[in-house]
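Each chain, written out:
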Amino acid sequence: MSTLERVTLLKHDQSFFDALVASDLAALEELLADDFVLVGVEDGAVADRGILLDLVASGSLRFPQIDSFPDEAIVRVIGTVGIVIGRTGMNFTNPDGTTFSAGSRYTHVYAADAHGAWRLVSAQGTAIRA
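Everything numeric in this text was worked out from a predicted model, so none of it was measured.

Enquirer: Just to check I follow, could you spell out the pairing of strand β5 (residues 81-93) for this structure?
Expert: In summary, the side chains of a regular strand alternate between the two faces of the sheet. Where strand β3 (residues 62-68) and β5 come together, five bridges link them in antiparallel fashion. Bridge assignment links isoleucine 66 to a residue of β5, and that residue is methionine 90. Where strand β4 (residues 74-78) lies against β5, five bridges are found, and the strand directions are antiparallel. Bridge pairing links valine 75 to valine 84 in β5. Between the end of β4 and the start of β5, which pair antiparallel, lie two residues, with glycine 79 showing a positive phi angle near 65 degrees. Two strands pair when backbone bridges link them, and β5 and strand β6 (residues 99-112) are joined in this way by 13 bridges, in the antiparallel orientation. By the bridge assignment, phenylalanine 92 is partnered in β6 with phenylalanine 100.

Put into structure tokens, the structure is as follows:
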């Protein structure tokens, strides 16, 4: 893996977090693969791209803050797949209005599209229990 690949994948990770905090649908649409799947950090619920975008667009799911720690990230590239294992501290508001705060470890899986651009295909978070 080249330094450029590491920097690029970490930049994409930060762009994903920034887009969630800003509820930036255009950025999310650009970053997420058509077949994107998210496994939630709080309850393990599975949401596809459309569900995530709809929840963010409606304001039902909000992320007031996501702190990431890119210096701790493990980044691997295997062919046209990039994997980032990192850590976050996040706060979010669920569709039912409940709030959740957690430290988490996450795994993001990226795939290079036909033009070589990285798209996030899968994201899974696991809460870090103290």
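Back to the write-up after that little detour.
Enquirer: Which parts of the structure should I look at to understand the side chain of arginine 49?
Expert: Within the element layout of this structure, arginine 49 appears in helix α3 (residues 49-58). Buried and without a salt bridge, arginine 49 has aspartate 34 as its closest oppositely charged side chain, separated by 4.3 Å. A polar atom in the side chain of arginine 49 sits 2.7 Å from the backbone oxygen of glutamate 29. Excluding anything up to four places from it in sequence, arginine 49 contacts Leu28, Glu29, Leu32, Ala33, Asp34 and Phe36.

What counts and what doesn't
Residues numbered from 1 in each chain as written. Predicted model: local features only at pLDDT ≥ 70, side-chain atom pairs only at ≥ 80, totals over all residues. Heavy atoms only, no water. Pairing = 2+ DSSP bridges. Helix = DSSP H or I, 4+ residues; strand = E, 2+ residues; numbered from the N terminus. Buried < 20%, exposed > 50% of the residue type's maximum accessible area, 1.4 Å probe, protein only. Lys, Arg positive; Asp, Glu negative; His and termini not counted. Salt bridge = Lys/Arg side-chain N within 4 Å of Asp/Glu carboxyl O. Polar contact = N/O pair within 3.5 Å; in protein donor to acceptor, adjacent residues only side chain to side chain. Contact = heavy atoms within 4.5 Å.

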